[in-house]
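This is what each chain is made of:
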Amino acid sequence: MTPVTRQEVLGLYRKILRIAKKWQSASGQIEETLKEKEYIKNEAKTLFQKNKNVTDPKLIKQCIEECEARIEIGLHYNIPYPRPIHLPPMGLAHKQGRTLRRQEKLRKISKPIYLKSHDEVS
């Protein structure tokens, strides 16, 4: 990891912790706000710890993009949890050969960047 990349990653981690510190839930309830703040901190800690030994520059870049996307989506929609995607059960397969294997492959390809690591941690 280059020093520039390291600084960028540490800056993202600090940004997430600052967001968690200032976070207010959409409902305004204190217990929900505390729960969401704790979720933000735990999610960040878990994902950063999981990826701390990543050395491939492409994978590091992908993780950084995912982090930035989740921050922007969280701030925009005022929810700390990843937004789910809703796909019809067989909506991605071609008209010919609607096999389950093809369906699983297409679902994996169509997964948004901000959900790539969520299923691995949850």
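My aim in this report is to walk through the structure given alongside it, one point at a time. Quick caveat: nothing in here was measured; it's all calculated off a predicted structure. (Residues numbered from 1 in each chain as written. Predicted model: local features only at pLDDT ≥ 70, side-chain atom pairs only at ≥ 80, totals over all residues. Heavy atoms only, no water.)

**Digging into the packing of helix α1 (residues 3-22) against helix α3 (residues 57-77)**
Axis separation between α1 and α3 bottoms out at 11 Å; the angle between their running directions is 20 degrees. With respect to α3, the axis of α1 lies roughly parallel. Taken as a pair, α1 and α3 cross one another with a handedness that is left-handed. Counted together, T5, E8, V9, L12, K15, I16 and I19 of α1 and I60, I64, C67, E68, I71, E72 and L75 of α3 form the full contact between these two elements. Counted by class, the contact of α1 with α3 contains nine nonpolar, one polar and four charged residues. (Axes fitted to C-alpha atoms, helices over the stretch in contact; angles between N-to-C directions. Helix = DSSP H or I, 4+ residues; strand = E, 2+ residues; numbered from the N terminus. Parallel < 35°, antiparallel > 145°, perpendicular 65-115°, else oblique. Left-handed = near helix turned anticlockwise from the far one by under 90°. Contact = heavy atoms within 4.5 Å. Nonpolar A, V, L, I, M, F, W, Y, C, P; charged D, E, K, R; others polar.)

**Quick word on the packing of aromatic side chains**
Summed over all chains, the structure comprises two aromatic pairs. Seen in terms of ring centroids, Y13 and F48 are 4.8 Å apart; in terms of plane orientation they differ by 65 degrees. Their pairing is edge-to-face. With Y13 in helix α1 and F48 in helix α2 (residues 30-50), this residue pair connects regions lying 35 residues apart in the sequence. Overall, the relative accessible area of 24% leaves F48 in the partly exposed class. (Phe/Tyr/Trp six-rings, centres within 6.5 Å; stacked < 30°, edge-to-face > 60°. Buried < 20%, exposed > 50% of the residue type's maximum accessible area, 1.4 Å probe, protein only.)

**Some points on the side chain of T33**
The topology assignment puts T33 in helix α2. By relative accessible area, T33 is classed as buried at 5%. In terms of polar contacts, T33 uses its side chain to reach the backbone carbonyl oxygen of Q29, at 2.9 Å. Beyond its immediate stretch of four places on either side in the chain, T33 contacts W23, Q24, S25 and G28. (Polar contact = N/O pair within 3.5 Å; in protein donor to acceptor, adjacent residues only side chain to side chain.)

**A look at the environment of Q24**
Along the chain, Q24 falls in the loop between α1 and α2. For Q24 and I79, which are 55 residues apart along the polypeptide, the C-alpha to C-alpha distance reads 9.4 Å. The residues touching Q24, leaving out its near neighbours within four places in the chain, are T33 and N78.

**Things to note about the side chain of S25**
Structurally, S25 can be placed in the loop between α1 and α2. At 3.0 Å, the side chain of S25 and the side chain of T33 are in polar contact.

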